[in-house]
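Listed below, chain by chain, are the residues.
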Amino acid sequence: PLTLLKLDANGSVLWRRSFSRKLVLPTVAVGADGSTFVVSQGGSYLLVQMLDPSGRSLRSNQISAKQGTVVADADGGCSILLSKGFAGKDNAVYLGAFDQTLRKMKEVETPLRGRGGRTYQLISTPRGHLAIGEGTEQQQQVAAEFDQSGGLLWQQAITADFTPLVVPFKSGFYVVRGLEGSGMDIEKYAYPAKR
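The shown structure was predicted, so the numbers you read here are calculated from the model rather than taken from an experiment. Every chain begins its residue count from 1, and numbering advances along the sequence as written. The predicted origin of the model limits local features to residues at a pLDDT of at least 70 and limits the giving and counting of side-chain atom pairs to 80 or more, whereas totals for whole chains, interfaces and linings rest on all residues. With hydrogens and water set aside, each side-chain value is computed from the structure's full complement of heavy atoms.

Section: the sheet that holds strand β16 (residues 172-178)
Adjacent strands of a sheet pair through backbone hydrogen bonds, lying either parallel or antiparallel.
Then, in step 1: Note on pairing: DSSP must find at least two bridges between two strands before they are called paired. Helix and strand definitions here come from DSSP, where helices need a minimum of 4 consecutive H or I residues and strands a minimum of 2 consecutive E residues; each element is numbered from the N-terminal end. The strand order across the open sheet built from 3 strands is β15-β16-β17, with neighbouring strands paired in antiparallel fashion. Two strands lie at the open edges of the sheet, namely β15 (165-169) and β17 (184-190), each paired on one side alone. The mean angle between the axes of side-by-side strands here comes to 20°, regardless of whether they run parallel or antiparallel.
Then, in step 2: For β16 and β17, the ladder comprises 7 bridges, and the chain directions are antiparallel. Counted as the bridge partner of Phe173 is Tyr189 from β17. Note on definitions: angles span 0 to 180 degrees between N-to-C directions of axes, and those axes are lines fitted to C-alpha atoms, for helices only across the stretch in contact.

Following this line, the structure appears as structure tokens:
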């Protein structure tokens, strides 16, 4: 079964929780208050679960979608980048926002497509969220930032054979992409300093 473990700094298990055997391909995000959000595929739906800091299930919600990835939001809720199909050029990707009770607040379509399935990522930014994944055109990767209300701030095509990896850090993020042949390129982006 899907099993989630919380480890301390020495690698000792603090708690372990097991869930249904039907749930696969989980993504996990931890909020500032220690709440854990888990999104996993359950066949014809996504299951989003919220756990307290000790791993006890607080609430859950089934979403009509096939695949997704989650980030914790500053307001105690979460945002999920999701697709309603498993793959293909028509597999549109949506950004959904959920409150602390896991009630869907809004959902907007993004310029991404899940051509290869869950080939997209999501991180939080000071202005909202950054999504990266396959675009509408074959062999095209797209990065797009959305504000807190889900409005598109900007989008940009990226040259890469595969979806780059986005790694957040406190004041920005890295974009890691493989280069044709061999090797990789790492770019560092910093958020503007607050005035």
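Next, the rest of the story.
Considerations on the packing of aromatic side chains
For any pair of aromatic rings, geometry is given as the distance between the ring centres together with the angle between the planes.
Then, in step 1: Working definition: a ring pair exists when centres of Phe, Tyr or Trp rings (six-membered ring for Trp) sit within 6.5 Å. Plane angles under 30 degrees give stacked, over 60 give edge-to-face, the rest tilted. By the definition in use, this model includes 3 aromatic pairs.
Then, in step 2: Ring centres 5.2 Å apart and planes at 20° place the aromatic pair Phe173 and Tyr189 in the stacked group. With a gap of 16 residues between them, Phe173 in strand β16 and Tyr189 in strand β17 connect regions that are remote in the sequence.
Then, in step 3: Residue Tyr189 is classed as partly exposed on the basis of its relative accessible area, which comes to 37%.
Then, in step 4: Relative to Tyr191, the ring of Phe173 lies with its centre 6.0 Å away and its plane at 50°, an arrangement referred to as tilted. Taken together, the residues Phe173 in strand β16 and Tyr191 in the segment after β17 connect sequence positions 18 residues apart. When a residue's accessible area, from a 1.4 Å probe over protein chains only, is under 20% of the maximum for its type it is buried; when over 50% it is exposed; and in between it is partly exposed.

Some points on the nonpolar core
Then, in step 1: As used in this record, nonpolar core signifies buried Ala, Val, Leu, Ile, Met, Phe, Trp, Tyr and Cys residues forming a set joined through side-chain atoms within 4.5 Å. Of all hydrophobic cores here, the largest spans 17 residues; its most connected members are Phe37, Val48, Ile63, Val70, Cys78, Ile80 and Leu82.
Then, in step 2: Listing elements by their share of this core, those giving two or more residues are β4 (36-41), β5 (46-51), β7 (67-72), β8 (78-83) and β9 (92-98).
Then, in step 3: Grouped together as the second largest cluster of nonpolar side chains are 11 residues, Val93, Leu95, Leu122 and Ala144 included.

Observations concerning a nonpolar patch on the surface
Then, in step 1: Here a patch means residues that are over 30% exposed by relative accessible area and free of salt bridges, tied together within 9 Å if like-charged and within 5 Å if nonpolar (Val, Leu, Ile, Met, Phe, Trp, Tyr). In short, Shrake-Rupley with a 1.4 Å probe defines the accessible areas, and a residue's cover is counted only from the protein chains shown. By definition, a salt bridge exists where a carboxyl oxygen of Asp or Glu is found within 4 Å of a side-chain nitrogen of Lys or Arg. Together, Leu165, Val167, Tyr174, Met184 and Ile186 give the surface a local cluster of nonpolar side chains, amounting to about 450 Å² of exposed area.
Then, in step 2: Of all the elements in the fold, those that place two or more residues in the nonpolar patch are β15 and β17.
Then, in step 3: Within the secondary structure layout, Leu165 lies in strand β15.

Digging into the side chain of Ser79
Then, in step 1: Mapped onto the fold, Ser79 is located in strand β8.
Then, in step 2: By relative accessible area, which is 2% here, Ser79 ends up buried.
Then, in step 3: Any pair of N or O atoms that falls within 3.5 Å is considered a polar contact. Within protein, one atom must be able to donate a hydrogen and the other to accept it, and sequence-neighbouring residues count only if both atoms are side-chain atoms. Polar contacts involving the side chain of Ser79 include one to the side chain of His129, which spans 3.3 Å.
Then, in step 4: Residue contacts are defined here by distance: any two heavy atoms, one from each residue, within 4.5 Å place the two residues in contact. Beyond its immediate chain neighbours, meaning those up to four positions away, Ser79 contacts Thr69, Val70, Val71, Asp73, Leu95, Gly96, Ala97, Leu122 and His129.

What about the pattern of salt bridges?
Side-chain pairs of opposite charge can arise where the charged atoms are in close proximity.
Then, in step 1: On inspection of all chains with the given rule, the structure shows 9 salt bridges.
Then, in step 2: For Lys89, the salt bridge is made with Asp90, and the minimal N-O distance between the two is 3.7 Å. Taken individually, Lys89 and Asp90 each receive the classification exposed, so the pair is uniform in this respect.
Then, in step 3: As a salt-bridge pair, Asp99 and Arg103 come within 3.3 Å of each other at their nearest N and O atoms.
Then, in step 4: A relative accessible area of 16% places Asp99 in the buried class.
Then, in step 5: Within the structure, one salt-bridge network assembled from shared partners comprises Lys84, Lys104 and Glu107.

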